[in-house]
Amino acid sequence: MNSVQIITDALSLGGIYALTALGIGLVFSVLRLANFAHAELVTVAGYALLIGVGLPLPLVLFMAAAASVLVAMATERLAFRPLRHVDQTTMLVSSFAVSILIQNIFVFFSGSRAKGVDILPALARQVSVLGADVSMVKLTTIAVCGATLVGLISFLRFTRLGLEMRAASQDFSMARNLGVRADRVILIAFALSGILAAVVGVLFVAEVGFVQPRLGLQLVIISFVGTVIGGLGNLTGAMVGGFLIGFIATLLQTFLPLELREFREAFLFGIVILILLVRPHGLFPARHLKERV
Amino acid sequence: MALSAQSVNVRFGGVRAVTDVSLRLDQGEILGLVGPNGAGKTTLVNVLSGFQRPAEGDVQIDGQSVRAQPPHWFPANGVVRTFQSVRLFMGLTVSENIEAALTVAGYSRRSARAKAGDLLDYLGLAERRDTIASALNYSDERRVGIARALALNPRFLLMDEPAAGMNAAEVDELGVLIHAIRKDFGCGVLVIEHNMRLISDLCERLHVIVQGATLAVGAPEDIWGLPEFRSAYLGATS
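Residues numbered from 1 in each chain as written. Chains lettered and ligands numbered in written order. Predicted model: local features only at pLDDT ≥ 70, side-chain atom pairs only at ≥ 80, totals over all residues. Heavy atoms only, no water.

With that settled, the discussion passes to the interface of chain A and chain B. Chain A puts 23 residues into the contact, and the matching count from chain B is 25 residues. Summing both partners gives a buried area of about 2200 Å² for chain A against chain B, and 60% of it is carried by carbon and sulfur. At the boundary of chain A and chain B, one finds two salt bridges. A salt bridge links Arg 87 of chain B to Asp 171 of chain A; the nearest nitrogen and oxygen atoms lie 3.0 Å apart. Connecting chain A to chain B are nine residue pairs in polar contact (both at pLDDT 80 or more). The set of elements that each furnish at least two residues to the side of chain A that touches chain B consists of helix H5 (136-158), helix H6 (160-170) and helix H7 (172-177) of chain A. The element contributing the most residues to the side of chain A that touches chain B is H6 of chain A, with six residues. Here the side of chain A that touches chain B is composed, by residue class, of seven nonpolar, six polar and ten charged. (Contact = heavy atoms within 4.5 Å. Buried area = accessible area lost by both parts, 1.4 Å probe. Salt bridge = Lys/Arg side-chain N within 4 Å of Asp/Glu carboxyl O. Polar contact = N/O pair within 3.5 Å; in protein donor to acceptor, adjacent residues only side chain to side chain. Helix = DSSP H or I, 4+ residues; strand = E, 2+ residues; numbered from the N terminus. Nonpolar A, V, L, I, M, F, W, Y, C, P; charged D, E, K, R; others polar.)

Written out as structure tokens, the structure reads:
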């Protein structure tokens, strides 16, 4: 594997983790909830692709995005909003419950086995970049992740809602004191996390070519670690943490001796522990982690 | 126009934080809310600003009950507060801190930036506009907090210990500023403050709370002479 391929792999994997970490980070920043049901938002997008096989691609992509956003907003409204004023641990337990419930709904309707989904066969081919063979799906992943990140950053930086969300993420009760509507900001955070999960779900399924009920689980666990490394409650940190995890994972995959590669994640989490020992609050600790709503 | 609390009671579990307090803040006046630590002053401001719903009693604006309104309704309707700890959004710029309040009030990002510039000029902070809030010194931080409150175009401005941590010169400047705010914005200002020199300089009326209940209401010179006030607030034995 040459350096172009390593960089491509690292950027595409890092981009996936960064978008997932941002989705988790957006909700955490306004609700102080590590939403483990984010995994199922990724999976929902994958199953929407499965249902949409044979339909025009734009319609299928819209279905995937709509499914993730609707499920995200529904979980906020039904599973988290009623619990906002009780102990945070209760919301965390609720997020596990939602996660397992949705997984079982997939199993009930579609079975537990993986189902093949080939939404974009054209992406399977290899192209030459600076003399190296690189898969189109990885280049597409990098481009889409980059565009999504630019879109998200622009939304947060240049729009009224984005400014409200940034303010609320730093001090929610002060933002409410200025008149920011808690329900609206939290619902938008969930909707945005749904959009990010849908992008990740589509890109991930395009890469692996199948869906299964626990599709998003591993992604979210690793991305959550990225969120922690970046600094919980800091969106820039979540993005950097996601990319960092992607880079470390790719480098381990490339440079670990063959007999050790199956233990890649053990090495990855070992490095994570080392980082957290040196920077226990992450690389970019949130300066003002105030109380949630 | 007046903001008022009518026979308000607040309890936290078995503890009575505020007991049967009635308070009136008229638009255009500066009212001092004073009392020893733990007397219930901040709780009363929480009630007046919609952050704490009283167990009994009412909150009214111009005689209309607003007790059942959600917290975000109050700043949108001219009841604005500042906190003892300023609580700026430390990762945002000075201008963005103010723009956040303005956009909630309906301004576009472009018009919010222009209006924030006007307010920063008013507070003498124009050159700090693009500074990240975490880089401000303490005095400027407090001024930005006041600018952010003014962005909401208050009819009633509730200030919780605005002079906390300030030196004598800064307190004098703050007094001038609060007088100017009352004049230029025409709002009623309620000031919780332990600095009696500032309170005397600012306030036409004082409302004294001790152990959650009203001890006295009157002009500062009348309040200072009350033995009960001196005993409760200053620990004197009269």
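Take the packing of aromatic side chains next. Throughout the structure, instances matching the rule amount to eight aromatic pairs over all chains. On the numbers, 5.3 Å between centres and 85° between planes, the contact of Trp 73 of chain B with Phe 74 of chain B is edge-to-face. With a relative accessible area of 1%, Phe 74 of chain B lands in the buried category. For the pair Tyr 122 of chain B and Phe 185 of chain B, a centre-to-centre distance of 5.6 Å together with 80° between the ring planes defines the contact as edge-to-face. Here Tyr 122 of chain B is found in helix H4 (residues 109-122), whereas its partner Phe 185 of chain B is found in helix H6 (residues 168-185), with 63 residues between them in sequence. For Tyr 122 of chain B, a relative accessible area of 31% corresponds to the partly exposed category. Using a relative accessible area of 24% as the deciding quantity, one classes Phe 185 of chain B as partly exposed. Through a chain of ring-to-ring contacts, three or more aromatic side chains come together here, namely Phe 36, Phe 96 and Phe 224 of chain A. The residue whose ring lies beneath Arg 148 of chain B is Phe 89 of chain B, and the NZ or CZ to ring-centre distance is 4.9 Å. (Phe/Tyr/Trp six-rings, centres within 6.5 Å; stacked < 30°, edge-to-face > 60°. Buried < 20%, exposed > 50% of the residue type's maximum accessible area, 1.4 Å probe, protein only. Lys NZ or Arg CZ within 6 Å of the ring centre and 35° of its normal.)

Residue and element names in this part refer to chain B. Summarising the element assignment, Asp 160 is placed in strand S7 (residues 156-160). Here Thr 42 takes part through its side chain, which lies 3.0 Å from a polar atom of the side chain of Asp 160. In this structure Asp 160 touches Thr 42, Arg 81, Thr 82, Phe 83, Gln 84, Arg 142 and Ile 192, once residues within four positions along its chain are discounted.

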